[in-house]
Amino acid sequence: MTSPDLNSLPPQYDAQATEAEWYPRWTEHGVFVGDPARAKTREPYVIVMPPPNVTAVLHVGHGLNNTVQDVLIRWRRMAGDEALWVPGTDHAGIATQNVVEKQLTAEGLTRFDVGRDAFVERVRTFVAQTGGEILNQLKAIGSSADWTRTAYTFSPELSVAVREAFVRLHEDGLMYKGHRVIHWCPRCGTSLSDEEAEFTETTGKLYHLRYALADDPTQSVVVATTRPETMLGDVAVAVNPDDERYTAFVGKDVILPLNGVRIPIIADSYTDPTFGSGAVKITPAHDANDFEVGKRHALSMPVIIDAEGFVREVDDAAGRVPSTLNGLDRFAARKAIVAMLEAAGAMVKVEPHQHNVRHCYRCDTVVEPRLSDQWFVRMQPLADKALAALRSGELRILPDRWEAVYVNWLEGIRDWNISRQIWWGHRIPVWYCEACGNTPIVSRIDITACPTCGGPVRQDDDVLDTWFSSWLWPFSTLGWPDQNSIDLKAFYPGDVLVTAPEILFFWVARMVMSGYWFLGKAPFHTVYLTGTVRDMQHRKMSKSLGNGIDPLDVVRLYGADALRWTMVAGLGLGVDVMLDHTDLDKSFAPGRNFCTKLWNIGRFLLSRVGSDAVQPMSALSASALAAGDAWILERLDVAIAECEAALGPARPANGATWTDAERGRGMRLAEYAEAARRFVWNELADWYLESIKPRLAVESGVDREVARAVLAHAFDGALRLLQPMIPFITEALWQHLPQTTSGQFLAQASWPRARAAHDISDDERAHVQLFEATRQAVQGIRQIRAEYNVSPGAIVAATVSATGVPAGHFESQANVIGSLARATVSVNNAHPDEAAASAVMPLVTVHLPLAGMIDVGKEIARLTAEVTQLEGPLNALEGRLANEKFIAKAPPEIIAAERVKATEWRARLVSLREKITQLGA
RNA sequence: GGGCGAAUAGCUCAGCUGGUUAGAGCGCCUGUCUUACACACAGGAAGUCGGGGGUUCGAGUCCCUCUUCGCCCA
């Protein structure tokens, strides 16, 4: 036999060394690589990683998100699926362009000084040099993505997909160029989609302006506005047709103050009579609603604010901007105009006003509504399919309350403005031939001459919204539009998408739409929306607040596994994770403590098991198993079942649609973590390992071999259950198990399987129950010891009577109970003569004579308290059983269970009262 | 303004289709350096499940209402 050597593993777990050792081994052996050939015989399980911005650095949100994905992928990889996790980055149009523009600003330049081609080249170089670092950071936290398939939204391959999508939508009649008011960011110099213009609650001012009637300056209408500067572009005042206050005014004209322009008063039901004075100014070029009114009434649409946000007579606005205001910034102009209106007596009043102002999601500049020409995708037909997918159960969203949000958005879907007036991105594949007129030529390939007349052509200056490439990600990364792509055939559609709820509309819903439109299938069957990582004040972690946590700091301090465990164990479904950025020690204690504990369990256990071969479970006869052996094997079965129930099902059972019963199941990572933790810590270490110390301490023998085999098997099972969450430490420990074959990896070992119920004999079940009784006896003795402050080292005498298991069988447990409870135990159904402290447990009753130490009064009080505690629920229970209506209406199995419970409780109560009587009360 | 959600132990949250003496982790209290682990072990205290009403044999769980928070959309 090999002598136990505690020094074979260092006493302290070395995360740095372990991570540096195993990650490269996994990748060298292609553990993470998906194989389309194998996907023919196995179920593929595919996750596409939400591509981080190419310039991003890892923050704790990425950490959370990618850990969840890695847990799922590692679980399915072990479970025998052909697991593929596709990683990559997003070129992030506006965001990346902004970074480089900031560099230029530092050099005193603008992108226009540099010129388009040189600017794009500069961004390309910048990305090539510094981009994608975040992917290396994801490796540092253990992400088992298939790096051989790393994709990039702006790669040549994905550019083909983008162009194909544009052209196809154009061919399908869903792509059009529209002239309308869009959200414009004057700082970024581009239009934004509805989703990119975010609302911020703002306390502004509501200005009430007086417009005098042209024909009777003694009369006037008052209009309310939050943006008085736009009055220069007003073309009408609108009132509600049903508003009797204004009936007489409709059709008359008013004169705009400051520029003297004459505009009509019109009736339009868009006007809300309860807002302000009931009359609103109409500025079609600078407000989306006003634009609609303007179209209905065929009004002119003067543009008085330019692309940079300066007040000018831009378009159709001759004579509208007084020279003193010309060239002022929009906010400076507002001030000036307010002062001028006040001076002119046209300002009736100004009041504080709470409203939502749209800001650019990339630079936070106040967005300016602006009339311009943009490319739009007609979304309704795409949305219909995405809605149907959710309703049919082809798609589910967890937590399910987000399904309502998804439906709500799709039902009110608006056309998608996809053109951006920036330079970094996919150029819109549209050309114009001046000679032939303005008909756009949409083409899959670059063209240099007009296909009709052969004349020169000019490509559209705009680029596409970044999300126009992102929404193709689930299939563009697999080779689409090449229908013969092996990856596409093997791995589309995928399975799960894990992301933050913030991009449900930006990205998730659009991927579903594109998946259906271009490939006829949803790109995944499950959307898992994680919670947000917040600080202790519940604020979102952000760079500007300085309340962030750098995951790599945590990795350095406690290891990647500690980071991962802390996040997974704290991750209720869709629940926010609170972490204290000022106290990493405390925040990551759960992960750090668990890893340390696991390491100690492993270190001790492996030293006792030794390196000699152990028998496989199949070689052990059930009759050779001790009660504890049967118990821990049963606990392992339970743990496996609980882990699986928490995680799965991995996919719809019928392969196509979720049934109502399945739909909300699984993805409970915290429950999975808790089930695995409880098994290895509270069951394997606290009870089984403690109980077999004497069996392992002997030199040799059959019983020692049985204990070694069961112990090694149980720990192997625990490590397999834990590997998806804490891959490094489990791999390091697993490699030392005697049954592990060299050259194998835990990372691709099989997921443990619970035994079928019919494979467990009645004898074995009786053994499990016997060990439960043993545990109760130990707990009972420990309670009394603590109650009477018996010194922890002292050996006490205890009598144990079995009430719930056959007394004969219980004899065998005396030694185990004794060693765990530090007692000399006699198994006896008779009550001891002398006064004793007792504990009445469901399966056993224990007595400790504790000569000279028993305080009869105290013991009576203790037992009486237990009686009282039991009487309440028991009375309620008996009342229920006496209630005829309960007996008549409750299901029989419930009634039966309640009767069993009542019998047990009554017995326990009788026993407790007996003890009290014996003590002489 | 419209919609959705949450309110359970000091903190963060479980409790999934109504039936357990309402659970976990952290924190707290008591004892212990019991030769794997004090980042540990053993024992323990702690909740009228936000307020009110209803449905039911039975409600933390379903319905109504109020209060307070949060999120999304316009």
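Structure report, in brief. Computed from a predicted structure; not experimentally measured. Residue positions are given per chain, counted from 1 along the sequence in the order it is written. Chain letters start at A and ligand numbers start at 1, both assigned in the order the entries are written. Local features are withheld for residues below a pLDDT of 70 in this predicted model, meaning they are given only at 70 or higher, and side-chain atom pairs are given and counted only at 80 or more; totals for whole chains, interfaces and linings count all residues. Only hydrogens and water are removed before side-chain values are computed, so all heavy atoms of the structure are retained for them.

## Some words on the nonpolar core
Formally: Joining through side-chain atoms within 4.5 Å is the link that ties buried Ala, Val, Leu, Ile, Met, Phe, Trp, Tyr and Cys residues into a set, and such a set is a nonpolar core. A simple rule labels every residue: compare its accessible area, found with a 1.4 Å probe on the protein chains alone, to the largest value its type can have, and call it buried under 20%, exposed over 50%, or partly exposed in between. To qualify as a helix, a DSSP run of H or I must reach at least 4 residues; to qualify as a strand, a run of E must reach at least 2; elements of each kind are numbered from the N terminus. Residues are treated as being in contact if the distance between any of their heavy atoms lies within 4.5 Å.
Leu72, Phe715 and Phe810 are the most contacted members of the largest nonpolar core, which has 148 residues in total. Here this core takes 14 residues from helix α22 (residues 669-697), the largest share from any one element. For Leu72, the residues in contact, after removing those within four places along its chain, are Tyr45, Ile47, Val496, Val498, Leu647 and Met667. Counting 67 residues, the second largest nonpolar core, distinct from the first, contains Met379, Leu472, Trp473 and Ala490.

## Things to note about the sheet that holds strand β29 (residues 823-827)
Stated formally: Strands were regarded as paired on the criterion that DSSP finds at least two bridges between them. Here an angle of 0 to 180 degrees is reported between the N-to-C directions of two axes, which are lines fitted to C-alpha atoms, with helices fitted over the stretch in contact.
Taken together, 4 strands build an open sheet; the order of strands is β29-β28-β31-β30 and the sheet is mixed. The sheet is open, and its two borders are formed by β29 and β30 (837-840), each paired with just one other strand. Strand-to-strand twist across the sheet, computed as the mean angle between neighbouring axes with direction ignored, equals 20°. As paired strands, strand β28 (residues 796-802) and strand β31 (residues 844-848) are joined by 4 bridges and run antiparallel to one another. Looking at the pairing, Ala802 lines up with Val844 of β31. Relative to the sheet, helix α25 (residues 762-787) contacts β28, β29, β30 and β31, its axis offset from that of β31 by approximately 35°.

## Quick word on the protein's contact with RNA strand B
Condition: Throughout, near means a residue has at least one heavy atom within 4 Å of the molecule or strand. Any pair of N or O atoms that falls within 3.5 Å is considered a polar contact. Within protein, one atom must be able to donate a hydrogen and the other to accept it, and sequence-neighbouring residues count only if both atoms are side-chain atoms. Here the term charged refers only to Asp, Glu, Lys and Arg, the term nonpolar to Ala, Val, Leu, Ile, Met, Phe, Trp, Tyr, Cys and Pro, and the term polar to all other amino acids, Gly among them.
With respect to spatial proximity, 46 residues lie near RNA strand B, and among them Asn356, Trp681, Glu690, Lys889 and Trp905 are the closest. Among the atoms of RNA strand B lying within 4 Å of the protein, the sugar-phosphate backbone contributes 64%. Between RNA strand B and Lys901 there is a distance of 2.8 Å, counted from a phosphate oxygen to a side-chain nitrogen or oxygen. Elements represented by at least two residues in the surface near RNA strand B include exactly β15 (347-360), α11 (401-411), α19 (589-609), α22, α25, α29 (884-889) and α30 (892-918). Top contributing element to the surface near RNA strand B by residue count: α19, with 9 residues. Among the residues forming the surface near RNA strand B, the class breakdown is 18 nonpolar, 7 polar and 21 charged.

## Examining the environment of Arg334
If you trace the backbone, Arg334 turns up in helix α9 (residues 330-343). In sequence terms Arg334 and Val498 are 164 residues apart; their C-alpha atoms lie 45 Å from each other.

## Some thoughts on the sheet that holds strand β6 (residues 190-192)
Overall, antiparallel pairing links the 4 strands, which are arranged β6-β5-β16-β18 in an open sheet. In the strand order of this sheet, the two ends are held by β6 and β18 (416-417), each with one partner.

## Here's the deal with the packing of aromatic side chains
Formally: Any Phe, Tyr or Trp ring, taking Trp's six-membered ring, that has another such ring centre within 6.5 Å forms a pair; planes under 30 degrees apart are called stacked, those over 60 apart edge-to-face, and the others tilted. Any Lys NZ or Arg CZ found within 6 Å of a ring centre and within 35 degrees of that ring's normal is scored as a charge over the ring.
Considering all chains together, one arrives at 28 aromatic pairs under this definition. Measuring from ring centre to ring centre gives 5.7 Å for Phe119 and Trp423, while their planes differ by 70°; the resulting arrangement is edge-to-face. Of this pair, Phe119 sits in helix α5 (residues 116-130) while Trp423 sits in the loop between β19 (419-420) and β20 (430-433), placing them 304 residues apart in sequence. Just as Phe119 is buried, Trp423 falls in that class too. Here the basic side chain of Arg124 rests over the ring of Phe154, its NZ or CZ set 5.4 Å away from the ring centre. One residue, Lys858, lies across the ring of Tyr788, its end atom 4.7 Å from the ring centre.

## Here's the deal with the pattern of salt bridges
As a reminder, the rule being used: For salt bridges, the criterion is a side-chain nitrogen of Lys or Arg within 4 Å of an Asp or Glu carboxyl oxygen.
Under the counting rule described, the total for this entry stands at 54 salt bridges. The closest approach of N and O atoms between Asp553 and Arg556, which form a salt bridge, is 2.6 Å. Highlighted residues: Asp553 and Arg556, both in helix α16 (residues 551-558), separated by 3 residues, approximately one helical turn. Since its relative accessible area comes to 30%, Asp553 is described here as partly exposed.

## Here's the deal with unusual backbone geometry
A cis geometry characterises the amide bond from Trp480 onward to Pro481, with omega recorded as 15°. With respect to the secondary-structure elements, Pro481 resides in the loop between α13 (473-476) and α14 (486-491). Note the cis peptide between Gly648 and Pro649, where omega equals 5°. Locating Pro649 in the fold gives a position in the loop between α20 (627-647) and α21 (660-663). One non-glycine residue, Ala92, lies in positive phi territory at about 50°. Examined against the element boundaries, Ala92 turns out to sit in the loop between β3 (88-89) and α3 (93-106).

## What to know about the pairing of strand β16 (residues 368-377)
Among the 10 residues that make up β16, 9 are buried, leaving the element largely enclosed by the rest of the structure. Two elements, strand β5 (residues 175-185) and β16, share 10 bridges in a ladder whose sense is antiparallel. Counted as the bridge partner of Tyr176 is Phe376 from β16.

## Some thoughts on the packing of α22 against helix α23 (residues 702-722)
Rules: For this classification, under 35 degrees means roughly parallel, over 145 means roughly antiparallel, 65 to 115 means roughly perpendicular, and everything else is oblique. Whether a crossing is left-handed or right-handed is set by the direction in which the near helix is turned from the far one by less than a right angle, anticlockwise for left-handed and clockwise for right-handed.
At their nearest, the axes of α22 and α23 sit 10 Å apart, and the two run at 165° to each other. By the angle between their directions, the pair α22 and α23 is classed as roughly antiparallel. In the packing of α22 onto α23, the handedness of the crossing is left-handed. Between α22 and α23, the contacting residues are Tyr672, Ala676, Phe679, Val680, Leu684, Tyr688, Leu689, Ile692, Arg695 and Leu696 on the first element and Asp703, Arg704, Val706, Ala707, Arg708, Val710, Leu711, Ala714, Phe715, Ala718, Leu721 and Leu722 on the second. Split by residue class, the contact of α22 with α23 holds 18 nonpolar, no polar and 4 charged.

## Focus: the environment of Glu229
On the secondary structure map, Glu229 appears in the loop between β8 (220-225) and β9 (236-239). On a C-alpha basis, the gap between Glu229 and Leu719 in space is 67 Å, while along the polypeptide they are 490 residues apart. Once residues within four sequence positions are removed from consideration, Glu229 is found in contact with Ile304, Arg330, Ala333, Arg334 and Ile337.

## Some points on the pairing of strand β24 (residues 496-499)
Neither face of β24 is exposed, since Val496 and Val498 on one face and Leu497 and Thr499 on the opposite face are all buried. The sheet contact formed by β24 and strand β25 (residues 526-529) spans 4 bridges and is parallel. Bridge pairing in β25 links Val496 to Thr526.

## Notes on α30
Condition: Take the residue count of a helix, subtract one, and multiply by 1.5 Å to get its expected span.
The end-to-end C-alpha distance of α30, which contains 27 residues, comes to 39 Å, matching closely the 39 Å that a straight helix rising 1.5 Å per residue would cover. For α30, every residue scored as buried is listed here: Ile895, Glu898, Ala902, Leu909, Ser911, Leu912, Lys915 and Ile916. Check the buried side of α30 and you find it contacts β30, β31, α28 (856-882) and α29. Trailing α30 by a residue or two, Gly920 shows a phi angle of about 95°, which is positive.

## Describing the packing of α20 against α22
Any two packed helices are characterised by the angle at which their axes cross and by the distance between the axes. The contact between α20 and α22 brings their axes to 8 Å, and the two run at 170°. In this view, α20 runs roughly antiparallel relative to α22, as classed from their interaxial angle. Two secondary-structure elements touch here, α20 through Gly628, Asp629, Trp631, Ile632, Arg635, Leu636, Val638, Ala639, Glu642, Cys643, Ala646 and Leu647 and α22 through Leu669, Glu671, Tyr672, Ala675, Ala676, Arg678, Phe679, Glu683, Leu684, Trp687, Tyr688 and Arg695. Taken together, the residues of the contact of α20 with α22 sort by class into 16 nonpolar, 1 polar and 7 charged.

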